[in-house]
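# Results of the structural survey
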Amino acid sequence: MSNVLPFKKPSQRERARRTTVCRSGFHKWEVDKKKQFDVKRGKLITIRRCRHCGATKVTGD
Ligand SMILES: [Zn+2]
């Protein structure tokens, strides 16, 4: 392959690499401790946020 991408700032390369990892399904989940109660369901839940792309997921039970 001769299709070499031009040089970018390390920070941008790092972000791009992380985002690529996220797209592959490997998010870096961190627990969001601020919101751990689902008012609608009336029960405790755990919200996790990806520190790379900001995606969130909720786990309960
Ligand atoms: Zn992510």
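This text gives an overview of the structure that appears in the document.

Cut-off values and rules
Residues numbered from 1 in each chain as written. Predicted model: local features only at pLDDT ≥ 70, side-chain atom pairs only at ≥ 80, totals over all residues. Helix = DSSP H or I, 4+ residues; strand = E, 2+ residues; numbered from the N terminus. Buried ≥ 20, exposed ≤ 12 C-beta atoms within 10 Å, placed from the backbone. Contact = placed C-beta atoms within 7 Å. Pairing = 2+ DSSP bridges. Axes fitted to C-alpha atoms, helices over the stretch in contact; angles between N-to-C directions.

### Let's talk about the overall build of the protein
What the protein contains, in helices and strands, is 1 helix and 5 strands. When the helices and strands of the protein are read in sequence order from the N terminus, they spell out α-β-β-β-β-β. Per-residue burial over the protein gives 2% buried out of 61 residues. Taking all contacts inside the protein whose residues are at least 6 apart in sequence as the whole, residues at least 24 apart take part in 26%.

### With respect to the environment of K43
Of note, K43 is situated in strand β3 (residues 43-44). Taking the C-alpha atoms as reference, K43 lies 8.2 Å from G60; in sequence the two are 17 residues apart. The residues contacting K43, other than those within four sequence positions of it, are D38 and G60.

### Some words on the sheet that holds strand β5 (residues 56-59)
Spatial ordering of the open sheet is given by β1-β4-β5, a layout of 3 strands whose pairing is antiparallel. Each edge of the sheet is formed by a strand with only one pairing partner; in this case those strands are β1 (29-32) and β5. Along the sheet, successive strands turn relative to each other by an average axial angle of 35°, direction set aside. As paired strands, strand β4 (residues 46-50) and β5 are joined by 4 bridges and run antiparallel to one another. In the strand pairing of β5, R48 is matched with K57.

### Some details on the environment of E30
Following the sequence through the fold, E30 ends up in strand β1. When the C-alpha positions of E30 and G54 are compared, they lie 10.0 Å apart, and in sequence the two are 24 residues distant.

### Brief notes about the environment of K28
Turning to its location among the elements, K28 is positioned in the loop between α1 (10-23) and β1. Measuring from C-alpha to C-alpha, the distance between K28 and R49 comes to 7.8 Å, with 21 residues separating the pair along the chain. Setting aside its immediate chain neighbours within four residues, K28 contacts C50, R51 and H52.

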